[in-house]
Amino acid sequence: MARAEVSAIGRGEDGEVRIGIFSSLASGFLADLFQAFGQRHKAVKLSFADGNPAEHVAAVRQRQLDVAFLTGLTSWPDCQSQHLWTERIFAVLPLHHPHADDMEVTFGDLAGEPFIVSESAPGEEIHDYLVQRLADLGHHPEIQQQAVGRDNLMQLVALGRGLTVTSEATTGTQFPGVVFRPIVGEILPFRAVWASRNDNPAFLRLLDLARSMARVDQSSGINGSAAALNAGPSQTPDPSR
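Residues numbered from 1 in each chain as written. Predicted model: local features only at pLDDT ≥ 70, side-chain atom pairs only at ≥ 80, totals over all residues. Heavy atoms only, no water.

Caption draft 1: Examining the nonpolar core more closely. Grouped together as the largest cluster of nonpolar side chains are 44 residues, with contacts concentrated most on Phe29, Leu33, Phe69 and Leu130. Of the residues forming this core, the biggest block, eight residues, is contributed by helix 7 (residues 201-220). Contacts of Phe69, omitting those with residues within four sequence positions, involve Ile19, Gly20, Ile21, Phe22, Leu30, Leu33, Phe34, Leu84, Trp85, Arg191 and Ala192. (Core = buried A, V, L, I, M, F, W, Y, C linked by side-chain atoms within 4.5 Å. Buried < 20%, exposed > 50% of the residue type's maximum accessible area, 1.4 Å probe, protein only. Helix = DSSP H or I, 4+ residues; strand = E, 2+ residues; numbered from the N terminus. Contact = heavy atoms within 4.5 Å.)

Next up, the structure:
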């Protein structure tokens, strides 16, 4: 490798960042982050992997991933982490649903409804989240797992096979036959998780940019606030526990 190439990698101007994601890239913080980073560091390759939190953290510890962007407030041994942004949680309803025209909904509005989730990530986390939220209202929800991805899950909602929930970033994509309605008081925190000894210069540049963007968002009230994370009973449980 030429000396100039080595120097570029050492400065984080070249190289690769391997990223685990647990949220849609359709809109929101991650979409903005990767677009901004790509504009600033065109020579850095970004590679992405879907997965659940346990898989991502294992890959981070083994240095198969440089960073994972996960939900919840869990502290992972042998890893560093930092809260970066929050997203509202939305109910996904078919167009003919009685609450489809409402500006927002509550879990009380949805109690007794059948739900569907994907068998792949983050389906298991959504399943546990729904069980807890509806159990708090005294309901044992009917939740069916489907061996489909996000697009077909949305189509099943449109066909009246059940409701589901999703994070705010997903609402940046249009799916025929469904509407997204925010669930009152439900906030989902997201954080970056990385190995304590990760010294990949390209990753460190990405982390610096993420921190900078998070500070701007928090100062302007975008994507929630620290107060929202401490909102008592309405705070979203950590789905990775």
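Caption draft 2: Structural context of the sheet that holds strand 7 (residues 164-167). Ordered in space as 2-1-3-8-4-7, the six strands form an open sheet in which the pairing is mixed. The open sheet has two edge strands, strand 2 (45-50) and strand 7, and neither has a second partner. Across this sheet, the average inter-strand angle for adjacent strands is 25°, counted without regard to direction. The sheet contact formed by strand 1 (residues 16-21) and strand 2 spans six bridges and is parallel. (Pairing = 2+ DSSP bridges. Axes fitted to C-alpha atoms, helices over the stretch in contact; angles between N-to-C directions.)

Caption draft 3: Local environment of unusual backbone geometry. A positive phi angle, close to 65°, is found at Arg63, a residue other than glycine. Counting through the fold element by element, Arg63 comes out in the loop between helix 3 (53-61) and strand 3 (67-71). In this structure, Asp78 takes a positive phi of about 65° despite not being glycine. You can see Asp78 is positioned in the loop between strand 3 and strand 4 (79-94).

Caption draft 4: Broad picture of the packing of aromatic side chains. With the rule as written, the count across this model stands at eight aromatic pairs. Geometrically, the ring pair formed by Trp85 and Phe190 is stacked, given 4.7 Å between the ring centres and 10° between the ring planes. One end of the pair, Trp85, is in strand 4; the other, Phe190, is in strand 8 (residues 178-195), and 105 residues separate them in sequence. Aromatic rings pair up to connect Phe29, Phe34, Phe48, Phe69, Trp85 and Phe190 into one cluster. (Phe/Tyr/Trp six-rings, centres within 6.5 Å; stacked < 30°, edge-to-face > 60°.)

Caption draft 5: Broad picture of the pattern of salt bridges. Summed over the entire model, instances satisfying the criterion amount to six salt bridges. The partner of Asp66 in a salt bridge is Arg18, with the nearest N and O atoms 3.3 Å apart. One end of the pair, Asp66, is in the loop between helix 3 and strand 3; the other, Arg18, is in strand 1, and 48 residues separate them in sequence. A salt bridge links Asp151 to Arg150; the shortest N-O distance between them is 3.8 Å. Each of Arg133, Asp136 and Glu186 takes part in one network of salt bridges that share partners. (Salt bridge = Lys/Arg side-chain N within 4 Å of Asp/Glu carboxyl O.)

Caption draft 6: Examining the environment of Ala26 more closely. Along the polypeptide, Ala26 turns up in the loop between strand 1 and helix 2 (29-40). Along the chain, Ala26 and Ala169 lie 143 residues apart, while their C-alpha atoms are 6.0 Å from each other.

Caption draft 7: Local environment of the environment of Gln80. Its place among the elements puts Gln80 in strand 4. Note on Gln80: relative accessible area 35%, which makes it partly exposed. Contact partners of Gln80, with chain neighbours within four places excluded, come to Ala192, Val193, Trp194 and Ser196. Of the polar contacts made by the side chain of Gln80, one reaches the backbone oxygen of Ser196; its length is 3.4 Å. (Polar contact = N/O pair within 3.5 Å; in protein donor to acceptor, adjacent residues only side chain to side chain.)

Caption draft 8: Fine view of the pairing of strand 1. Handedness of the β-α-β unit built from strand 1, helix 2 and strand 2 comes out right-handed. By the bridge criterion, three bridges tie strand 1 to strand 3 in an arrangement that is parallel. Bridge pairing in strand 3 links Gly20 to Ala68. (Right-handed = clockwise from strand over helix to strand, strands pointing away.)

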